[in-house]
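Below are the chains, spelled out letter by letter.
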Amino acid sequence: MTVGWWVALHAIVMLGLVALLYRMQRKHVSFTKRVFAGLGLGIVYGAVLQSLHGPNSAIVEQAADWFEIVGVGYVRLLQMVIMPLIIVSIISAIIHVKAKAGVGKMSASIIGILIGTTAVAAVVGIVTALVFQLSSFEIEAGKEEIERGNYLDSKLGEVSEMTLPQQIIEFIPANPFLDMTGERRTSTIAVVIFAAFVGVAALGVMRKKPDTGAAFMTIIDALHAVVMRMVTLVLRLTPYGVLTLMAVVVATTAPSEIWKLGKFVIASYVAIVIMFCLHLLLMALSGISPIRYVTGALPALVFAFTSRTSAGSIPINVEMQVNRLGVPESFANFSASFGASMGQNGCAGIYPAMLAVMIAPSAGIDPYNLGFLLQLVAVVAISSFGVAGVGGGATFAALIVLSSMNLPVALAGLLISVEPLIDMGRTALNVNGSMTAGVLSSRWLGQWNRKRFNEERQPHREDI
């Protein structure tokens, strides 16, 4: 059978799997079950593709191109609604926020949790790297690794030439309309700042000119309703996106590459699991059931795992927080938006910390030196501001940390072959960190809806 016929056959099978998920939707199977069905089917079919043709075959490559019409198309639809969602949601959150938990307390609590947990994540990454005795000396550099290293070296200039104050200034939007296009690496946090500025200005107008303020609030409420409807329409495609994205990842990931860097992959996931457990411990200490939390958060975590985009997860992140975890919209919008641009426990916490410990010996630095480790934790926490929650965010975070610690950045290119596999877990941890910030901050400030959190099912949202 020719390549074209094989590709056509696999495309037909994938359409059949999509049809099966659609049938489940028509029979009102719960959203969570459909997402997990898509995940399971994607893993199985991806494994079948790889076993039949191999991860680098022309058949798998061309079939993946067709599958990504659904998978990547879905991610792009989510990315399409991110900026409108952030702008309208932040403004709406500020003008509707309750006086009991003002904007200042809410944002300070959320940012504090995000940055604090990132510092803890750095410690977890350091300890894990030391326990597993990870070292860049153990990894052989092939052609792709060398090319990746050269690329990172070329990108270093964009980071090393900017001082810390200059990097902070980058957060401030000179042209918010440019940032709405996502042009800059700090675009997400810049849009958050712009929207917050508009919201605070609207509060002032509402106090001095109540009629004008009321009219503005009506407009924002209408826009918020429309945007959230757009989000709901896109989220209905989640099971199909998860199916195709997972199939492509499994089909194109070579077991030999994973085996070559198996120790780093295992160490990374050990650190990620430990950090997940610490999130759940914080829940338990705050009187929140970790099991119920995981049940409510799972759809967002599964999507983040398969899509590898923290920013793209904002819509489903907000949806799960509000309708499953009992978080007010204001807290959910702030935590999801901030969490996609700062304090990412996986990409900006664990990953750069582990890399620094691995690479330190090549620069003649003792990775067990307490001064080095304390400096590393501080640099990781500070540099986690403004890390974009999109593909490449972890690489940028690593560049900042490694250059700040005077470590060679090119050695980070040695991990290129397992980057996608590790990035899945990192992204899920990023999103879990932002959801944890939303739940904990609303709980601590007395705004958490325990009744909604404990509900077994929300029919109006479960059938997304």
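Since we're looking at a predicted model, the values are computed, not measured.

1. Notes on the overall build of the chain
Part 1: Within the chain one finds 21 helices and 0 strands.
Part 2: Put simply, of all contacts in the chain between residues at least 6 apart along the chain, 84% involve residues at least 24 apart.
Part 3: Summing over all exposed atoms, the chain offers an accessible surface of approximately 19,600 Å²; the carbon and sulfur share of this is 66%.

2. Side note on the packing of helix α16 (residues 345–359) against helix α19 (residues 419–444)
Part 1: Contact geometry of α16 with α19 gives a least axis separation of 7 Å together with a crossing angle of 120°. Between α16 and α19, the interaxial angle falls into the category oblique. Of the residues in α19, those in contact with Asn345, Gly346, Cys347, Ile350 and Tyr351 of α16 are Glu419, Asp423, Arg426, Leu429, Asn430 and Gly433.
Part 2: Each residue belonging to the contact of α16 with α19 can be placed in one class, and the counts come to 4 nonpolar, 4 polar and 3 charged.

3. Quick word on unusual backbone geometry
Part 1: Positive phi is not limited to glycine here, since His28 has a value of about 60°.
Part 2: Inspection of the secondary structure assignment puts His28 in the loop between α1 (3–26) and α2 (31–53).

4. Quick notes on the environment of His279
Part 1: One can find His279 in helix α12 (residues 262–285).
Part 2: Note: C-alpha distance between His279 and Thr117 (162 residues apart in sequence) is 8.3 Å.
Part 3: The contacts of His279, once residues within four sequence positions are left out, are Thr117, Asn345, Leu429, Asn432, Gly433 and Thr436.

5. Examining helix α13 (residues 290–307)
Part 1: With 18 residues, α13 should reach 26 Å at 1.5 Å per residue; the first-to-last C-alpha distance of 24 Å fits that figure.
Part 2: Along α13, the sharpest kink reaches roughly 55°, centred on Leu298 and followed within four residues by the proline Pro299.
Part 3: Residues of α13 that are buried include every one of Tyr293, Gly296, Ala297, Pro299, Ala300, Leu301, Val302, Phe303, Ala304, Thr306 and Ser307, and no others.
Part 4: Backbone geometry just after α13 places Arg308 at a positive phi near 60°.

6. Considering the pattern of salt bridges
Part 1: Scanning the entire structure with this criterion turns up 3 salt bridges.
Part 2: The partner of Asp423 in a salt bridge is Arg308, with the nearest N and O atoms 3.2 Å apart. Pair noted here: Asp423 is in helix α19 and Arg308 is in the loop between α13 and α14 (314–324), with a separation of 115 residues, a long-range link.
Part 3: The salt bridge involving Asp423 is made with Arg426; its shortest N-O contact spans 2.8 Å. Of this pair, Asp423 and Arg426 both sit in helix α19, 3 residues apart, which is roughly one turn of that helix.
Part 4: A relative accessible area of 3% means that Arg426 is categorised as buried.
Part 5: One connected set of salt bridges, linked through shared partners, spans Arg308, Asp423 and Arg426.

7. Some points on the packing of aromatic side chains
Each pair of aromatic rings is reported with the distance of its centres and the angle of its planes.
Part 1: Summed over the entire model, instances satisfying the criterion amount to 4 aromatic pairs.
Part 2: For the cation-ring pair, Arg426 lies above Tyr351, with the distance from its terminal atom to the ring centre recorded as 4.2 Å.

8. Notes on the environment of Arg324
Part 1: By secondary structure assignment, the location of Arg324 is in helix α14.
Part 2: Exposure remark for Arg324: the relative accessible area of 12% places this residue in the buried category.
Part 3: Residues Arg324 and Asn454 lie 130 residues apart in sequence; the distance between their C-alpha atoms is 8.4 Å.

9. Some details on α2
Part 1: For α2, built from 23 residues, the straight-helix expectation of 33 Å at 1.5 Å per residue is met to within 8% by its first-to-last C-alpha distance of 33 Å.
Part 2: Looking one or two places after α2, you find Gly54, whose phi comes out positive at around 90°.

About the criteria used
Residues numbered from 1 in each chain as written. Predicted model: local features only at pLDDT ≥ 70, side-chain atom pairs only at ≥ 80, totals over all residues. Heavy atoms only, no water. Helix = DSSP H or I, 4+ residues; strand = E, 2+ residues; numbered from the N terminus. Contact = heavy atoms within 4.5 Å. Areas by Shrake-Rupley, 256 points an atom, 1.4 Å probe, with all protein chains shown as cover. Axes fitted to C-alpha atoms, helices over the stretch in contact; angles between N-to-C directions. Parallel < 35°, antiparallel > 145°, perpendicular 65-115°, else oblique. Nonpolar A, V, L, I, M, F, W, Y, C, P; charged D, E, K, R; others polar. Expected span 1.5 Å × (residues − 1). Bend = angle between axes of the 7 residues up to and from the residue. Buried < 20%, exposed > 50% of the residue type's maximum accessible area, 1.4 Å probe, protein only. Salt bridge = Lys/Arg side-chain N within 4 Å of Asp/Glu carboxyl O. Phe/Tyr/Trp six-rings, centres within 6.5 Å; stacked < 30°, edge-to-face > 60°. Lys NZ or Arg CZ within 6 Å of the ring centre and 35° of its normal.

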